[in-house]
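Architecture and fold: a report
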Amino acid sequence: MKATKRSMDVSYAIRDVLLPARVLEKKGHEIIKLHIGDPNKWDFETPKHVRDALCRAVEINDNGYADSEGYVELRRAILEKERHKNGITADIEDCIVTNGVTEAIQTVSAAVVNPGDEVLVPGPSYPSYTEFTKFFGGVPISYRTDEATNWQPDVDDLRKKITKRTKYITVINPNNPTGSLYSDKVLKDIIDLAGEHDLFIISDEIYDLMTFDGTHHSMASFSNDVPVILFNGFSKVDLLPGWRLGYAVFHDPLGRLDEIKEGVMRQLRLRISANNPCQMAVIDALEGPKDHLEVTNHKLRERRDYVVKKINNIPGLSTATPRGAFYIFPKIESKKWKCDQDFVLDVLHNAHVLLVPGSGFCKEYGKMHFRAVFLPPVEILGKAFDAIEDYMNKVV
Ligand SMILES: Cc1ncc(COP(=O)(O)O)c(C=O)c1O
């Protein structure tokens, strides 16, 4: 019995690498896992008032289905956040709640992409954008982001890659996997380009409040009439990845995305609703104290500084400096390895550190790189990169 080609063709490098690591663990080896962007796996804790809010929601029996588009009070709170942070004014009908940003990516891709359509994604990019495009028969086209400028998008390259089949431009800022924080000029240039070619933009802002040197500005805040679908969620900044809650806001003053919104809404009704008690409780994350964020960003900045210095001192590796999120995307300069997949497997087997190959984020612009999270405390990051350095010194 055969699976469909579309299901066999998708992959998610971030979790695929876990399979060989599990084999080693079964043999009794301890692996330092720097592959997954889950802060709760390390010393970051969901704020107590948010955990309490979930207990309360369950206790008062808010355990039924929610509305398909999301609980109305939560959507109001989301819009208030977007108005306050980004100056975006949108109607309640323009805001939907999804099972993580992942479901927003899936349903918008499904509503927009016909076979053969092209979708522009940053290279390298978070894999869900390329994979869902492929899943619905589309063709992801990577535009270059430039390591020499801390991975800012190359707008000239983006311009060259727009064709008659292009459906939209994806922007991920702050970026996964590079940790880049985009300049206002780049964001405005991309808006202008989209306007010239009658395209809309998907702007993934899931790391918006996790920045170190500079402040995040929303793509939508620079757009007057170019439609922007803003994606955000609660997995990262609010330390709630397991709750699987995200949202999309359609910033679309001229109503050009109305049919696409309807296509998304139909899918949301089909899947019934996002988790109801978690939706109730997450209002407290939006409206309650945000003290945890200062602590989180302080730890991340310290770990970022440590790991940048450490990697740049390892012969055969070099790295740009991430300015947001919690990922670093170093270059494998050593000629000992022919491809990043071999490097990652060798490091796993010999240094017992789990990384993700850069090609998993883009075959062209991610090759000969790897992604690591700098979520663990400095002692653990030190242990991991010491082990990598020792191994590299032994074999080079
Ligand atoms: C840029 C980006 N978008 C979306 C997601 C998925 O988010 P969620 O947990 O809300 O599905 C991630 C997770 O790592 C991400 O890095």
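Here the structure is a predicted model, which means the values were calculated and not measured. (Residues numbered from 1 in each chain as written. Predicted model: local features only at pLDDT ≥ 70, side-chain atom pairs only at ≥ 80, totals over all residues. Heavy atoms only, no water.)

1. A word on the domain arrangement of the chain
Taken domain by domain, the chain comprises domain 1 (5–45 + 291–395) and domain 2 (48–287). Taking only C-alpha atoms into account, the centre of domain 1 sits 25 Å from that of domain 2. Contacts between the two partners involve 39 residues from domain 1, matched on the other side by 40 residues from domain 2. Both sides together, the interface formed by domain 1 and domain 2 hides about 3,400 Å², and carbon and sulfur atoms give 57% of it. If you sort the residues of domain 1 by the area they bury against domain 2, R323, F361 and Y365 come out on top, with a joint share of 23%. Where domain 1 meets domain 2, there are three salt bridges. We note a salt bridge from D213 to R304, for which the minimum N-O separation is 3.0 Å. (Domains from an automatic or database assignment. Contact = heavy atoms within 4.5 Å. Buried area = accessible area lost by both parts, 1.4 Å probe. Salt bridge = Lys/Arg side-chain N within 4 Å of Asp/Glu carboxyl O.)

2. Quick look at the site of the ligand
Among the 13 residues in the neighbourhood of the ligand, the closest are listed as V101, T102, D204, Y207 and S235. Separating an oxygen atom of the ligand from a side-chain N or O atom of N176 is a distance of 2.7 Å. Here a nitrogen atom of the ligand sits 2.6 Å away from a polar atom, N or O, in the side chain of D204. In isolation the ligand offers 400 Å² of accessible surface; the protein chains occlude 94% of this area. The biggest single contributor to the shell around the ligand is helix α6 (residues 100–112), with three residues. (Near = heavy atom within 4 Å. Polar contact = N/O pair within 3.5 Å; in protein donor to acceptor, adjacent residues only side chain to side chain. Areas by Shrake-Rupley, 256 points an atom, 1.4 Å probe, with all protein chains shown as cover. Helix = DSSP H or I, 4+ residues; strand = E, 2+ residues; numbered from the N terminus.)

3. So, the sheet that holds strand β2 (residues 95–98)
Taken in spatial order, the eight strands line up as β2-β9-β8-β7-β6-β3-β4-β5 in an open sheet, and their pairing is mixed. Strand pairing shows two members of the sheet lacking a second neighbour, β2 and β5 (152–153), which therefore form its edges. With four bridges joining them, strand β7 (residues 200–204) and strand β8 (residues 228–233) adopt parallel strand pairing. Bridging across to β8, I202 finds its partner in I229. In the packing of helix α7 (residues 127–135) onto the sheet, contacts are made with β3 (118–123), β4 (139–146), β6 (166–172), β7 and β8, and the angle to β4 comes to roughly 160°. (Pairing = 2+ DSSP bridges. Axes fitted to C-alpha atoms, helices over the stretch in contact; angles between N-to-C directions.)

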